[in-house]
Amino acid sequence: MPVACGETWQIGTYPGHGEFDVDFFPLSGEPWGQPVLASYDGTVTVAGINGSLGGRTPENPDGPRGRGGGYWVKIDHGGRWETQYLHLLEPPLVAEGQRVARGEQIGRIGSTGNSGAPHLHYEQRQGWQKVETWFDGAPSGITTDEVEYTARLTSNNCP
Ligand SMILES: [Zn+2]
């Protein structure tokens, strides 16, 4: 999972979200600024802005929504596998071309782009296709956005 070892987060989706897309909401602590971690080793291929940032910040959580993913990161894991991390609070903590290890912090939880509240939008892709996310060797069960769905999962992204 793209969040800290041992923490339990809500994962889920909702109608209109996008097939296979997963949103992560923290279940404890202040959501703004919580660490976003690389879910697997790889090379950063994008670290920048998708769409527009908007104006939702910890100081102004109901500010104007942006468009798209806001601050985001894409990591190439080899074998045509990639992951994407959207709506980060600030410019990513990694740069394009940088190697990252699983568990390395790449950003912080925010609400930039088209986001209602601080959370992480996460995708796993193989080739150019989104696929069902798997965590710790098990499928998430999120394969459609036709119905609202939430579950709780504990991260095993441990050193
Ligand atoms: Zn999302």
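What you are looking at is a predicted structure, and each value in this text was computed from that prediction instead of being measured. (Residues numbered from 1 in each chain as written. Predicted model: local features only at pLDDT ≥ 70, side-chain atom pairs only at ≥ 80, totals over all residues. Heavy atoms only, no water.)

Enquirer: Tell me about the pairing of strand β5 (residues 67-78), and please be specific about residues and values.
Expert: Here strand β4 (residues 42-52) pairs with β5 via 8 bridges, running antiparallel. Residue pairing in the sheet places A47 in a bridge with V73 of β5. Across 6 bridges, β5 lies against strand β6 (residues 81-88) in antiparallel orientation. Residue pairing in the sheet places G78 in a bridge with W81 of β6. Taking the residues between adjacent antiparallel strands as the criterion, β5 and β6 are bridged by 2 residues, where G79 takes a positive phi near 60 degrees. (Pairing = 2+ DSSP bridges. Helix = DSSP H or I, 4+ residues; strand = E, 2+ residues; numbered from the N terminus.)

Enquirer: Mind laying out the side chain of Q34, listing which residues take part and the relevant values?
Expert: Looking at the secondary structure, you find Q34 in the loop between β2 (22-26) and β3 (35-37). Once residues within four sequence positions are removed from consideration, Q34 is found in contact with E7, W9, P26, S28, G29, G107, R108 and I109. (Contact = heavy atoms within 4.5 Å.)

Enquirer: Hey, could you go over the pattern of salt bridges for me, with residue numbers and the actual values?
Expert: For the coordinates displayed, the defined rule picks out 3 salt bridges. Here R108 makes a salt bridge to E90, at a shortest N to O gap of 2.9 Å. Remark: E90 occurs in the loop between β6 and β7 (99-100) and R108 occurs in strand β8 (residues 105-108); sequence separation between them is 18 residues. Classification of E90 by relative accessible area gives partly exposed; the value is 30%. (Salt bridge = Lys/Arg side-chain N within 4 Å of Asp/Glu carboxyl O. Buried < 20%, exposed > 50% of the residue type's maximum accessible area, 1.4 Å probe, protein only.)

Enquirer: Go over the coordination of the zinc ion, please, and point to the residues and values.
Expert: Only H17 (NE2), D23 (OD) and H121 (ND1) from the protein reach the zinc ion as donors, at distances of 2.0 Å. Along the chain, the residues donating to the zinc ion are arranged with the sequence spacing H-x5-D-x97-H. With D23 in strand β2 and H121 in strand β9 (residues 120-126), this residue pair connects regions lying 98 residues apart in the sequence. Taking the relative accessible area as the measure of exposure, D23 reaches 4% and is therefore buried. (Donors = N, O, S within 2.8 Å, 3.2 Å for Na, K, Ca; no water.)

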